Amino acid sequence: MHNATDHPVHDVFRARRSPYEIDPNRTVSSDDLHCLFEAARWSMSAFNAQPWRYIVANRAEDSALWESVLATLVEGNQPWAQYAPVLALGLTVTHYTHNGKENGTAQHDLGAASAFLTMEATTRGLVVHQMAGIVPEKIKQTFDLPEHVEPFTALAIGYAGVNPDLPDAYRERDQKERQRLPLSEILLHSSL
């Protein structure tokens, strides 16, 4: 299913989705996961600092790590994310390594890296559902993060598909028509 756009864009942007309904019976290969995070690695960043870090848990390879990541999601995300074969946490390095100063664009740069990852996933027939609903203090305690590394987001990665065990409220969200603000509301000043 491709989304309708007002102007032509590459099909990968029209195909990208963030469903709650992820096929619980399909695993994601390590080869595909390496490629997703390789795409993230090549994202742009201020001063080329690359301030993104990830904790990646593939349930098929390490169910204990996967359970630990799932436990750091807020309660509202756990009922659907528990079916994703891969869960990841997105973290930021809050200070530049070259001068020790605070990196004011670290969150932006993590977002760009996760967008690259998401688009690579889309080209491979995978879906990525990004979430802000995490418990940062629990992540810090569980994973003993280094200094200046802060939890910021989570990602559920898998294949869209039928999941009869998914609570109806989440399935209904997936079935709603996708909408976006028109460009006239996004472009505050423009010469277009």
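Refer to the structure presented above.
Once a new chain begins, its residue numbering starts again from 1 and follows that chain's sequence as written. Confidence filtering applies because this is a predicted model: local features only for residues at pLDDT of at least 70, side-chain atom pairs given and counted only at 80 or more, and all residues used for totals across whole chains, interfaces and linings. Each side-chain value is worked out from all heavy atoms of the structure, with water and hydrogens disregarded.

Undergrad: How should unusual backbone geometry be read in this particular structure?
TA: Glycine aside, residues mostly have negative phi, and peptide bonds are mostly found in the trans state. The phi torsion at Phe47 lies on the positive side, around 55°, for a residue other than glycine. Each helix is a run of DSSP H or I of at least 4 residues and each strand a run of E of at least 2, with the numbering of both proceeding from the N terminus. Here Phe47 shows up in the loop between helix 2 (30–41) and strand 1 (52–58). Burial here depends on accessible area, computed with a 1.4 Å probe over protein chains only, as a share of the maximum for the residue type. Under 20% is buried, over 50% is exposed, and the range in between is partly exposed. Here Phe47 falls in the exposed class, since its relative accessible area comes to 65%. The phi torsion at Asn48 lies on the positive side, around 50°, for a residue other than glycine. Looking at where Asn48 falls in the secondary structure, it is placed in the loop between helix 2 and strand 1. The exposed category is assigned to Asn48, whose relative accessible area is 51%.

Undergrad: How do you make sense of the sheet that holds strand 3 (residues 127–131) when you look at a structure like this?
TA: What links the strands of a sheet is backbone hydrogen bonding, and the strands pair in either a parallel or an antiparallel sense. Should DSSP find at least two bridges between two strands, the strands are taken to pair. Taken in spatial order, the four strands line up as 1-2-4-3 in an open sheet, and their pairing is antiparallel. Of all strands in the sheet, those with a lone pairing partner are strand 1 and strand 3, marking the two edges. Averaged over all pairs of adjacent strands, the angle between strand axes in this sheet comes to 25°, irrespective of strand direction. Sheet analysis places strand 2 (residues 86–93) next to strand 4 (residues 149–158), joined by eight bridges and oriented antiparallel. Bridging across to strand 4, Leu87 finds its partner in Ala156. Helix 2 rests against strand 1, strand 2 and strand 4 of the sheet, and its axis sits at about 170° to strand 1. Contacts: residue pairs with any heavy atoms within 4.5 Å of one another. In this analysis an axis means a line fitted to C-alpha atoms, helices contributing only their contacting stretch, and an angle means the value between N-to-C directions, from 0 to 180 degrees. The sheet strands contacting helix 6 (residues 136–143) are strand 1, strand 2 and strand 4, and the helix crosses strand 4 at an angle near 95°.

Undergrad: Sorry, what's going on with the packing of aromatic side chains here?
TA: What describes a pair of aromatic rings is the distance from one ring centre to the other and the angle between the planes of the rings. Centres within 6.5 Å are what make two rings of Phe, Tyr or Trp a pair, Trp counting through its six-membered ring; a difference in plane orientation under 30 degrees is then read as stacked, over 60 as edge-to-face, and the rest as tilted. The tally for this structure, following the rule as stated, stands at four aromatic pairs. With 5.2 Å between their ring centres and 85° between their planes, Phe47 and Tyr96 make a pair best called edge-to-face. Of this pair, Phe47 sits in the loop between helix 2 and strand 1 while Tyr96 sits in the loop between strand 2 and helix 5 (106–123), and the two are 49 residues apart along the sequence. Tyr96 gets classed as buried once you look at its relative accessible area, which sits at 11%. Ring-pair connections join several aromatic residues into one group, and the members of that group are Tyr20, Trp80 and Tyr170. Ring-over charges, as used throughout, are those where CZ of Arg or NZ of Lys falls within 6 Å of the ring centre and within 35 degrees of the ring normal. In this arrangement the basic side chain of Arg26 is found over the ring face of Tyr159, its NZ or CZ atom lying 3.6 Å from the centre. The side chain of Arg59 reaches across the aromatic face of Trp66, ending 4.1 Å from its centre.

Undergrad: Hey, could you run me through the packing of helix 2 against helix 5 in this one?
TA: Two measures define how a pair of helices packs: the angle their axes make with one another and the distance between the axes. At a closest axis distance of 7 Å, the pairing of helix 2 and helix 5 adopts a crossing angle of 140°. Classified by the interaxial angle, the pair formed by helix 2 and helix 5 is oblique. Considering the relative orientation of helix 2 and helix 5, their crossing is right-handed. Taken together, the residues of helix 5 that come into contact with helix 2 (itself represented by Cys35, Leu36, Phe37, Ala39 and Ala40) are Ala113, Phe116, Leu117, Glu120 and Ala121. Gly is put with the polar residues, along with every residue not named as nonpolar or charged; the nonpolar set is Ala, Val, Leu, Ile, Met, Phe, Trp, Tyr, Cys and Pro, and the charged set is Asp, Glu, Lys and Arg. Considering only residue class, the contact of helix 2 with helix 5 consists of nine nonpolar, no polar and one charged. Note that the term roughly parallel is reserved for angles under 35 degrees, roughly antiparallel for angles over 145, roughly perpendicular for angles of 65 to 115, and oblique for everything else. Left-handed is the label given to a crossing in which the near helix is rotated counterclockwise from the far helix by less than a right angle, and right-handed is the label when the rotation is clockwise.

Undergrad: What is the right way to read the environment of Ser29 from this model?
TA: Tracing the backbone shows Ser29 in the loop between helix 1 (11–15) and helix 2. For Ser29, a relative accessible area of 34% gives the class partly exposed.

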